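Structure assessment
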Amino acid sequence: MSLLRNTHRFYGSSSSAVTAQSWIYAKVFKGEPTQQNFRLEREDLPALADGDFLARADYISVDPYMRPYMMAYPEGTPMIGGQVATVLDSKNAGFPVGSAIFGQFGWRTHTVCNPAKLKTDRPYVLPDFGSLPTSLGLGVLGMPGNTAYFGLSELCEPKEGETVVVSGAAGAVGSHVGQIGKIKGCRVVGIAGSDAKCAWLKELGFDEVINYKTANVYGELKKAAPKGIDCYFDNVGGPISEAVIKQMNVYGRIAVCGTISNYNTAIEKVTDPLRQMVFKQLRMEGFLVWRWNNRWMEGIEANLRWIRDGKLQWQETVTEGFEQVPQAFMDMLKGGNTGKAVVKV
């Protein structure tokens, strides 16, 4: 586990004296992102108006969803994403100076924000994490944690004794999903991309793990899930998902969280899954975690209880330095992270 944490508090900073740095989507992605896709810019921030606060980024999140989402934005757009930040100055009673917050501020060092002017993606003050690092607000106690919590519980509805398979199992979401499956009394099989990642998943309590880069996934699943598969939490799509779906049990449930296998490359051809869907009466549903915005704190509080009860572990891959955000993003897309990938500003 990473033990990096923010320990500084700032008071009375003036936003008019602050120059923010931000990473810009400089060139449309074609294949794997490169440094040429990003440009660093500076911006002098305005003085605070009533309702505003000034926040300084402490940790910035890099996530797989950013790759397909940015394709909808024109060149020159600031990179999107969440961050954990500290309020430096405030004219908003709901965001007092010194508080740790989460905000969808993108890849930038400083932000002036008036939450009342936002229709969606409003920032919030983090709950008290106790001795845990605030960076967890980007991971197990933030969007990835809630993705795992709601996606598995609400869509897959795992029951005690059932078999759950998780692809992308060593990532921030997948590692969390598998542990929730174990908490709910299921047999859990994880699919990941290295022996080291598979070993870590075994430490987390996964019953079986498969290294898809060295093993025949279909054949190994036969051994790992001899009674078939009841729930599949899909982070990758492609041939791995084809192998899993062919071994689903009748009335199996599939939660489709991502398709990272084709974010950087052309979509691979797979067998049409509809025959399996019909004859096994499967239920497959894609989702975005934002559908549970009205229950957001429920997920965070549940995950925090499991951490404190020793039922849920977490890991971070931390990159140091704001200038390294693009590299951390590119590394994450290539599977270079175990657990949540964050950048410590």
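Here the structure is a predicted model, which is why all the values come from computation and not from measurement. (Residues numbered from 1 in each chain as written. Predicted model: local features only at pLDDT ≥ 70, side-chain atom pairs only at ≥ 80, totals over all residues. Heavy atoms only, no water.)

1. Brief notes about the overall build of the protein chain
Check the secondary structure of the protein chain and you find nine helices and 16 strands. Taken over the C-alpha trace, the protein chain has a radius of gyration of 21 Å; the compact-globule value for 345 residues is 20 Å, and the two agree within 12%. Along the three orthogonal principal directions, the C-alpha set of the protein chain runs to about 65 × 45 × 35 Å. Buried residues in the protein chain amount to 54% of all 345 residues. For the protein chain, long-range pairs separated by at least 24 residues make up 71% of all intrachain contacts whose partners lie at least 6 apart in sequence. (Helix = DSSP H or I, 4+ residues; strand = E, 2+ residues; numbered from the N terminus. Rg over C-alpha atoms; globule rule 2.2 N^0.38 Å. Buried < 20%, exposed > 50% of the residue type's maximum accessible area, 1.4 Å probe, protein only. Contact = heavy atoms within 4.5 Å.)

2. Thoughts on the sheet that holds strand S11 (residues 208–211)
Across the sheet, six strands lie side by side as S11-S10-S9-S12-S13-S14; this open sheet has parallel pairing. Taken across any chain shown, the strands that pair with only one partner, and hence form the sheet edges, are S11 and strand S14 (283–286). For this sheet, the mean angle separating the axes of adjacent strands, direction not counted, is 15°. Here strand S10 (residues 187–192) pairs with S11 via four bridges, running parallel. Note on S11: the bridge partner recorded for Val189 is Glu208. Helix-sheet contacts for helix H4 (residues 195–204) involve S10 and S11, and the interaxial angle to S11 is about 170°. (Pairing = 2+ DSSP bridges. Axes fitted to C-alpha atoms, helices over the stretch in contact; angles between N-to-C directions.)

3. Regarding the UniProt feature "domain: Enoyl reductase (ER)" (unreviewed entry) in the protein chain
According to UniProt, the feature "domain: Enoyl reductase (ER)" (unreviewed entry) maps to residues 34–343 in the numbering used here. Overall, residues 34–343 shows 27% helix and 25% strand. The separation of its end C-alpha atoms is 18 Å. (UniProt positions renumbered as here; feature names shortened; annotations may be inferred.)

4. Quick look at the nonpolar core
By size, the foremost hydrophobic cluster in this structure holds 69 residues, and its most contacted members are Trp107, Leu141 and Phe329. Once residues lying within four places of it in the same chain are set aside, the contact partners of Leu141 are Phe129, Leu132, Leu136, Ile300, Asn303, Leu304 and Ile307. (Core = buried A, V, L, I, M, F, W, Y, C linked by side-chain atoms within 4.5 Å.)

5. With respect to the environment of Gln247
The topology assignment puts Gln247 in the loop between helix H6 (238–245) and strand S13 (248–256). Taking relative accessible area as the criterion, Gln247 reaches 7% and is therefore assigned buried. Put simply, Gln247 and Ile229 are 18 residues apart on the chain and 6.1 Å apart in space, counted from C-alpha to C-alpha. In contact with Gln247, not counting residues within four places along its chain, are Tyr218, Leu221, Lys222, Gly228, Ile229 and Lys280.

6. Describing unusual backbone geometry
Peptide bonds are mostly trans, and most non-glycine residues show a negative phi. A positive phi angle, near 55°, is found at Asp121, a position not held by glycine. As for its position among the elements, Asp121 is in the loop between strand S7 (110–113) and strand S8 (124–125). Look at Glu157: it is not a glycine, yet its phi comes out positive at around 45°. Of note, Glu157 is situated in the loop between helix H2 (143–156) and strand S9 (163–167). Here Glu157 falls in the partly exposed class, since its relative accessible area comes to 38%.

7. Quick notes on the sheet that holds strand S1 (residues 19–25)
With respect to topology, three strands assemble into an open sheet ordered S2-S1-S4, the strand pairing being antiparallel. Each having just a single partner strand, strand S2 (38–44) and strand S4 (77–78) make up the two edges of the open sheet. Note: S1 against S2, seven bridges, orientation antiparallel. Residue pairing in the sheet places Thr19 in a bridge with Asp44 of S2.

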